[in-house]
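# Close look at the chain arrangement
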Amino acid sequence: MSQHTAERRGGTAWALAITSVAGFMAALDNLVVTTALPSIREDLGGALHDLEWTVSAYTLTFAVLLMFGAALGDRFGRRRLFMAGIAVFTAASAAAAMAPGIDSLIAARAVQGAGAAVMMPLTLTLLTAAVPAERRGMAYGIWGAVNGLAVASGPLVGGSLTEHISWQWIFWLNVPLGLALLPLARLRLAESYGTGAPLDLPGTLLASGGLFGLVYGLVRGPVDGWTGPVVMTSLFAGSALLVGFVLYSTRAKNPMLPMRLFRSRAFAGINAASLMMFLGMFGSIFLLSQYMQGVLGYSPTEAGLRMLPWTGMPMLVAPVAGILSDRIGGRPVVAAGLFLQAAGLGQLAFVATADASYAAQLPALVTSGVGMALFFAPASSLVMSSVRAGEQGIASGANNALREVGGALGIAVMASIFSARGGYESGQAFVEGLRPALFTGSAVVALAGVAALLIPTRRGAAHTAAGEVPKLLPEPAAR
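Below is a short write-up of the structure.

How each quantity is defined
- Residues numbered from 1 in each chain as written.
- Predicted model: local features only at pLDDT ≥ 70, side-chain atom pairs only at ≥ 80, totals over all residues.
- Heavy atoms only, no water.
- Helix = DSSP H or I, 4+ residues; strand = E, 2+ residues; numbered from the N terminus.
- Buried < 20%, exposed > 50% of the residue type's maximum accessible area, 1.4 Å probe, protein only.
- Contact = heavy atoms within 4.5 Å.
- Areas by Shrake-Rupley, 256 points an atom, 1.4 Å probe, with all protein chains shown as cover.
- Core = buried A, V, L, I, M, F, W, Y, C linked by side-chain atoms within 4.5 Å.
- Axes fitted to C-alpha atoms, helices over the stretch in contact; angles between N-to-C directions.
- Parallel < 35°, antiparallel > 145°, perpendicular 65-115°, else oblique.
- Left-handed = near helix turned anticlockwise from the far one by under 90°.
- 1 Å grid on protein atoms, 1.4 Å probe; cavity = no way out; pocket = protein on both sides within 12 Å on 5 of 7 lines; lining within 4 Å.
- Points joined across faces, edges and corners; volume = space filled by probe spheres on them.
- Nonpolar A, V, L, I, M, F, W, Y, C, P; charged D, E, K, R; others polar.
- Expected span 1.5 Å × (residues − 1).
- Phe/Tyr/Trp six-rings, centres within 6.5 Å; stacked < 30°, edge-to-face > 60°.
- Patch = residues over 30% accessible without salt bridge, like charges linked within 9 Å, V, L, I, M, F, W, Y side chains within 5 Å.
- Salt bridge = Lys/Arg side-chain N within 4 Å of Asp/Glu carboxyl O.

As a further point, take the overall build of the protein chain. If you tally the helices and strands in the protein chain, you get 19 helices and zero strands. When each of the 479 residues of the protein chain is scored for burial, the buried share is 58%. Counted over contacts in the protein chain with a minimum sequence separation of 6, partners at least 24 positions apart contribute 84%. Roughly 18300 Å² of accessible area belongs to the protein chain as shown, and the carbon and sulfur atoms make up 67% of that amount.

This is the structure:
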């Protein structure tokens, strides 16, 4: 092996490790707080409405600022903004751990989401720039496995830390990781830039405002009622702003998100599939973690351990999925994963009872885990290969924003279905609400599989796009 080849592989390994850990932190904090809410309420007080915002404040800022974070990275340097996002996220995590009251905790969670919105979309563009085209399937597979594990294991990590140490350690966990990543990113990642076009401030304001209104309405819907004036106004205003964003972007000279990207069946199809996948998955995990604790009587740690066949499966299967996508194309792997995930959720809904045995749930958990694993890595590859190299930051930001919006939508819609059909009065009442919600999640994920099948199979064009590595520009000299 030549010295140059060894150095290139070493750089690839460092880039994969740095971006995977950063993505893990950002993805973990989506659901890590859910199993700690009783302890937080005991320590800091606050009504149920306040406690809900400890979860949704992060999702809200994460979703609405993702595309802006990606655009900043393309304009001012992806490594530079990646490091800035890590710094903000780490500082906000420390502030959340030291929060003296519920309001300051919510504020810290919102700032956490802003930092995650900057660093998360840049993980894929930095990884793509560092990995040779012929090895990206495996790299995306490992990256997808780590991120998939983070999303699904949030309740386990949060419950275990809360039960055995304290809820503050949910946030302290991020601090040493963030402090370690900063110097590594500076030394081991190469700087890269996007197209160099000026920032699209009108488009950013329209998109951020529209997503804020939409996500805020979705989060408030189960609390205030879907016909409440605040919810209706928020949803209407958000939708109107997003329509304005689309109309503006079709005419703007340098739009933040070129609408022509959606003329590509590959880009449109994988983004539609991602939104629906996260809708079904987030809503299901949100309810199932409560079901295992509140109905079946498991402790937070016990519930998380029993979900390991689902949450741990991406670590085993996602790298294989990346290799398969390189050999047969991403579309069949993604579609198979989505249909398996839908089947698993449907089976979980079918076997859910107030005294269900773990043996009855285990096959559905394994099926769901394999399906989720098959989705993550090829989906990332399809997103990055569906656009030109200079637009990969934009594509990553848009895909991650749609995933977060899908997650917020999933929790809101499935919680609303749960509330309409069941409640917390008894185990049987919980199951009566859980089952229709899970069946809904299964149907939505199955629709995601149909959307994936609409992705074209022109592998040659996809590989050409995937092979375009973002141009690495020398870092500007310090002034």
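Its location among the elements puts E191 in the loop between α8 (174-188) and α9 (201-224). With 114 residues separating them along the chain, E191 and G77 place their C-alpha atoms 6.3 Å apart.

Okay, the nonpolar core next. The biggest cluster of nonpolar side chains holds 126 residues, and the ones touching the most others in it are F82, L105, M281, Y291, W310 and L338. Ranked by residues supplied to this core, first place goes to helix α11 (residues 265-295) with 16 residues. With residues up to four places along the chain from it excluded, the contact list for L338 reads A273, M277, G371, F375, V445, A448, G449 and A452. M313, V317, A321 and V333 belong to the second largest nonpolar core, which has six residues in total.

Looking now at the packing of α11 against helix α15 (residues 330-351). The geometry of α11 relative to α15 is characterised by a closest axis approach of 11 Å and an angle of 25 degrees between their N-to-C directions. The orientation of α11 relative to α15 falls into the category roughly parallel. When the axes of α11 and α15 are compared, the crossing they make is left-handed. Counting all contacts with α11, which are made through I270, A273, M277, G280, S284 and L288, the residues of α15 involved are V334, L338, Q341, L345 and L348.

Attention now moves to empty space enclosed by the protein. Counted according to the given criterion, the structure contains four cavities of 30 Å³ or more. Approximately 120 Å³ is the volume found for the largest cavity. Around the largest cavity, the lining is made up of 13 residues, and of these M120, F278, N400, R403 and E404 lie nearest the centre. Those elements that place two or more of their residues in the lining of the largest cavity are α1 (3-28), α6 (136-164) and α17 (392-421). Residue composition of the lining of the largest cavity, by class: eight nonpolar, three polar and two charged. In this model, the second largest cavity occupies a volume close to 60 Å³. Looking at the second largest cavity, it is lined by 12 residues, and the ones nearest its centre are P155, L156, A303, G304 and M307. Contributing elements (two or more residues each) for the lining of the second largest cavity: α6, α11 and α12 (300-306). For the lining of the second largest cavity, the leading source of residues is α6, giving four residues. Broken down by class, the residue content of the lining of the second largest cavity amounts to six nonpolar, six polar and no charged.

Right, let's get into the environment of A15. As for its position among the elements, A15 is in helix α1. Overall, the relative accessible area of 0% leaves A15 in the buried class. Expressed as a C-alpha distance, the spacing of A15 and A185, which sit 170 residues apart in the sequence, is 8.1 Å.

Because the α-helix completes a turn every 3.6 residues, residues three or four places apart line up on one side. Given a rise of 1.5 Å per residue, 31 residues ought to cover 45 Å, and the 43 Å separating the end C-alpha atoms of α11 matches this to within 8%. Counting buried positions over the 31 residues of α11 gives 23, a clear majority of the element. The positive-phi residue at the C-terminal boundary of α11 is G297, with phi of around 85 degrees.

One can describe the packing of helix α4 (residues 78-97) onto α8 by two numbers: an axis separation of 9 Å at closest approach and a directional angle of 165 degrees. It follows that α4 is roughly antiparallel to α8 by the angle criterion. As α4 packs across α8, the resulting crossing turns out to be left-handed. Contacts from R79, F82, M83, I86, A87, F89, T90, S93 and A94 of α4 reach α8 at N174, V175, G178, L179, L181, L182, A185 and R186. Of the residues contributing to the contact of α4 with α8, the split by class is 11 nonpolar, four polar and two charged.

To continue, consider the packing of aromatic side chains. Note on aromatic pairs: each is described by the distance of the centres and the angle between the planes. All chains considered together, the criterion is met by four aromatic pairs. For the ring pair W167 and F171, a centre distance of 6.3 Å and an interplane angle of 85 degrees mean the geometry is edge-to-face. Accessibility assignment for this pair places W167 and F171 in one class, buried. Here Y291 and F430 contribute two aromatic rings whose centre-to-centre distance is 6.3 Å and whose plane-to-plane angle is 20 degrees, an arrangement assigned as stacked. One end of the pair, Y291, is in helix α11; the other, F430, is in helix α18 (residues 427-453), and 139 residues separate them in sequence. Judged by relative accessible area, Y291 falls into the buried class, the value being 2%. An aromatic cluster of three or more residues is present, and its members are Y291, F418 and F430.

Time to look at a nonpolar patch on the surface. A contiguous nonpolar surface patch, about 340 Å² in accessible area, is contributed by F339, L447, V450 and L453. Ranked by the residues each element gives to the nonpolar patch, the list is headed by α18, at three residues. Following the sequence through the fold, L453 ends up in helix α18.

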